[in-house]
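Coordinate inspection notes
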Amino acid sequence: ANSSNESKTIRANAIRSLGKLRYEGSVGKILEILQANDVETEIKEASIFALQSMKIRRAVTPILSLLNDIQSPSGLRLAGVKAIGFLGDSSDESVVNTLSSIFQNETGEIYETAISVIGKVGLVQFSDDFLSIVADRGATPHARQNAALSYLNLELQKLLYCWRSG
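This write-up is about the structure you can find in this document. Nothing here was measured: the structure is a model prediction, and the numbers come from that model.

Check the secondary structure of the chain and you find 9 helices and 0 strands. For the chain, the N- to C-terminal ordering of α and β elements is α-α-α-α-α-α-α-α-α. Among the 166 residues that make up the chain, the fraction classed as buried is 42%. Sequence-distant contacts, at least 24 apart, represent 66% of the contacts inside the chain between residues at least 6 apart. Carbon and sulfur atoms form 52% of the exposed surface of the chain, whose accessible area is close to 9,500 Å². Distance from the positive charge centre (17 side chains) to the negative charge centre (18 side chains) of the chain: 6 Å.

Below, the structure written as structure tokens:
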């Protein structure tokens, strides 16, 4: 059984490397791997990383469907949320809906990460929520810290927007 584990790790590392090398020729195959049902979690996580490294926006839809699938392992969902921080767009309604749902329904690391990602993607409608988290002594230190940074990030985006359109 160990050799299959070893080969899984080798394949995952190979996929990560393709992403780091930004080998565009591999994108189609990596997207296929991400959407296949019979692929190990470790390989799918590597695929998400590779697509994120190459800034492949077409990866957003398959990543969102992994995030919306309750059966997806938490490590995979976490990798997906992080990737949306790099690939997602605030004008994409499915990105907004998925992040909102994670923010409202999840706890722990994926919730804390979603707070950061919402700030990165620029969903200014969450500003007030984040301010409440910062003030909430019951929230985890990590959630409060991420909420503070995201709040500042969103407020800055609002200011820049006003300044540009002023």
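Next comes the rest of the account.
It is worth spelling out the nonpolar core at this point. Judged by nonpolar contacts, the single largest core of 47 residues is most densely connected at I63, I84, F130 and I133. Setting aside anything within four residues of it in sequence, one finds I84 in contact with V60, I63, L64, L67, V95, L99, V117 and V121.

Attention shifts here to the packing of helix 4 (residues 60-68) against helix 6 (residues 93-105). For any two helices packed against each other, the geometry is given by the interaxial angle and the distance between the axes. Put simply, helix 4 and helix 6 touch, their axes get as near as 11 Å, and they point 25 degrees apart. Judged by the inter-axis angle, helix 4 sits roughly parallel to helix 6. Relative to helix 6, the crossing made by helix 4 is left-handed. Contact residues: helix 4 offers V60, L64, L67 and N68, while helix 6 offers S94, V95, T98 and I102. Its residues assigned to classes, the contact of helix 4 with helix 6 comprises 5 nonpolar, 3 polar and no charged.

Attention shifts here to unusual backbone geometry. One non-glycine residue, R22, lies in positive phi territory at about 55 degrees. Phi is positive for K55, which is not a glycine, with a value near 55 degrees. Note on placement: K55 falls in the loop between helix 3 (41-53) and helix 4.

On to the packing of helix 2 (residues 27-35) against helix 4. As a packed pair, helix 2 and helix 4 sit with axes 10 Å apart at the nearest point and diverge in direction by 15 degrees. Our classification of the angle between helix 2 and helix 4 gives roughly parallel. Crossing of helix 2 against helix 4: the hand is left-handed. In this structure, helix 2 uses L31, L34 and Q35 to contact helix 4, whose residues at the interface are P62, I63 and L66. For the contact of helix 2 with helix 4, a count of residues per class yields 5 nonpolar, 1 polar and no charged.

What counts and what doesn't
- Residues numbered from 1 in each chain as written.
- Predicted model: local features only at pLDDT ≥ 70, side-chain atom pairs only at ≥ 80, totals over all residues.
- Heavy atoms only, no water.
- Helix = DSSP H or I, 4+ residues; strand = E, 2+ residues; numbered from the N terminus.
- Buried < 20%, exposed > 50% of the residue type's maximum accessible area, 1.4 Å probe, protein only.
- Contact = heavy atoms within 4.5 Å.
- Areas by Shrake-Rupley, 256 points an atom, 1.4 Å probe, with all protein chains shown as cover.
- Lys, Arg positive; Asp, Glu negative; His and termini not counted.
- Charge placed at Lys NZ, Arg CZ, Asp CG, Glu CD.
- Core = buried A, V, L, I, M, F, W, Y, C linked by side-chain atoms within 4.5 Å.
- Axes fitted to C-alpha atoms, helices over the stretch in contact; angles between N-to-C directions.
- Parallel < 35°, antiparallel > 145°, perpendicular 65-115°, else oblique.
- Left-handed = near helix turned anticlockwise from the far one by under 90°.
- Nonpolar A, V, L, I, M, F, W, Y, C, P; charged D, E, K, R; others polar.

Honestly, that's just the spatial picture; any functional story needs more than this.
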